[in-house]
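Examination of the molecular architecture
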Amino acid sequence: MREKQGQPSGERFKIPEALIRQLRSARHIAVLTGAGTSAESGVPTFRDAQTGLWAQYSPEELATPEAFRRNPRLVWEWYQWRRERVSQAKPNPGHLALARMESLVPKFTLITQNVDGLHHEAGSKGVLELHGNIRRTKCFTENSIVDSWRATPKIPPRCPRCGGLLRPDVVWFGESLPAEILNEAEAAARSCDVFLSVGTSSVVFPAAALPHSALAVGATVIEINPTPTELAADAAWSFAAASGEFLPVLLSATWPEC
Ligand code: BV8
């Protein structure tokens, strides 16, 4: 019988005893996070309405190699605007709770679709960044990381090695995810006892397939999202809650001794 946790109860959130038992006895917990986990850090989610100059564009139409080829300056400047917002963001209690959980479980795999680096900043180790990291830059021609480049009036800046255009080291729509990282994420989904899907609309593949890989091997899948997604129907529990509020409560209810 799938127990569904609807709106949080009076004492903020009531964590089911059965869930606490599952988490405490889990050998391996895997977590997939999406943009929603950074919302409380002030980083707009991927499907939040864009603001200002960017309101006229949808992320899907900017986050592609075609968009970059068509208008490299526009795409570079969009990422500069996002980098600026990310640089001012701090990990929120949800990031910190996941970093703490890692040390309380025999095996813990944190898989993120986010490119903001906030899990790393919160202290999580070995984060699997499926979609890259906006803080890193690479050469569009060589597809290799560039740590520094000469400032010139040219936008985007040019690769110091080959003169090619520089771009953010993120995975655009239509680009393949880093194979090693994706394989490690898939292996974690297939070997975990509990899979938490946190703050993702579950619409971007192949990341969105991961919770279903966990379900396929009988893992307990839990969704944490103020707006339940199609995954909620298959999840053992679906908590309509903000991750920055819910995860600290889940952590202290499950491991009160810590
Ligand atoms: C690929 C980096 C091979 C760039 C991003 C099937 C298999 C394989 C591919 C596909 C497929 N079907 C379609 C495709 C193509 C495509 C795709 O999935 N398209 C979608 C739109 C249908 N996938 C790809 O192109 C991938 N490449 O597979 O290569 C290939 C190539 C071509 C054709 C076939 C195969 C590459 C995908 C990666 C794209 N890059 N980011 C950048 O950031 O600029 S994706 C982008 O979306 C972000 O990484 C983001 O994290 C991710 C997913 O979105 P979410 O994280 O879920 O964010 P979103 O805003 O949608 O939702 C936020 C959620 O949070 C909401 O539900 C909200 O309710 C909730 N929330 C809000 N506040 C809170 C909260 N939750 C908790 N707490 C809160 N406080």
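Every residue gets a number counted from 1 within its own chain, in the order that chain's sequence is written. Side-chain atom pairs in this predicted model are given and counted only at pLDDT of 80 or more, local residue features only at pLDDT of at least 70, and totals for whole chains, interfaces and linings cover all residues. With hydrogens and water set aside, each side-chain value is computed from the structure's full complement of heavy atoms.

Thoughts on the pairing of strand E2 (residues 107-112)
Taken across its 6 residues, E2 has 5 buried, putting it largely inside the fold. Here the rule is simple: two strands pair whenever DSSP picks up at least two bridges between them. Secondary structure counts use DSSP, requiring at least four H or I residues in a row for a helix and at least two E residues in a row for a strand, with both numbered from the N terminus. Relative to E2, strand E1 (residues 28-33) is paired through 6 bridges, and the arrangement is parallel. Residue pairing across strands places Ile29 opposite Phe108, the latter belonging to E2. Here E2 pairs with strand E3 (residues 128-129) via 2 bridges, running parallel. Its bridge partner being in E3, Thr112 is matched across the sheet by Glu129. Partly exposed describes any residue whose relative accessible area lies between the buried limit of under 20% and the exposed limit of over 50%, with all areas from a 1.4 Å probe on protein chains only and scaled to the type maximum.

With respect to helix H8 (residues 179-191)
The length a helix should cover is 1.5 Å for every residue beyond the first. For H8, with 13 residues, the first-to-last C-alpha span of 18 Å sits near the 18 Å given by 1.5 Å per residue. Throughout, a contact is declared for two residues whenever any of their heavy atoms are within 4.5 Å. Packing partners of the buried residues in H8 comprise E1, E2, E3, strand E6 (194-198) and helix H9 (210-216).

Details of the packing of aromatic side chains
Only Phe, Tyr and Trp rings take part, Trp by its six-membered ring, and two of them pair if their centres are within 6.5 Å. Stacked means planes under 30 degrees apart, edge-to-face means over 60, and tilted covers everything else. Counted according to the given criterion, the structure contains 7 aromatic pairs. Between Trp78 and Tyr79 the ring centres are 4.8 Å apart and the planes differ by 65°, which places this aromatic pair in the edge-to-face class. Neither Trp78 nor Tyr79 differs from the other in exposure class; each is buried. Seen in terms of ring centroids, Tyr79 and Trp172 are 6.2 Å apart; in terms of plane orientation they differ by 45°. Their pairing is tilted. Of this pair, Tyr79 sits in helix H5 (residues 72-88) while Trp172 sits in the loop between strand E5 (166-170) and H8; the two residues are 93 residues apart in sequence, bridging distant segments of the chain. Note on Trp172: relative accessible area 1%, which makes it buried. In textbook terms, an aromatic cluster arises when at least three aromatic residues are bridged by ring pairs, as seen for Phe68, Trp78, Tyr79, Phe140 and Trp172. Ring-over charges, as used throughout, are those where CZ of Arg or NZ of Lys falls within 6 Å of the ring centre and within 35 degrees of the ring normal. The positively charged end of Arg82 is found above the aromatic ring belonging to Trp78, 4.6 Å away from the centroid. Between the NZ or CZ atom of Arg83 and the centre of the ring of Trp76, over which it lies, the distance is 5.1 Å.

Observations regarding the pattern of salt bridges
Where charged atoms of side chains with opposite charge meet at close range, the side chains can pair. When a carboxyl oxygen of Asp or Glu lies within 4 Å of a side-chain nitrogen of Lys or Arg, that pair is called a salt bridge. By the definition in use, this model includes 10 salt bridges. For Arg135, the salt bridge is made with Glu121, and the minimal N-O distance between the two is 2.8 Å. You can see Arg135 sitting in strand E4 (residues 132-139) and its partner Glu121 sitting in helix H7 (residues 118-122), a full 14 residues away along the chain. By relative accessible area, Glu121 is classed as partly exposed at 37%. One salt-bridge network, held together by shared partners, links Glu129, Arg136, Lys138 and Asp169.

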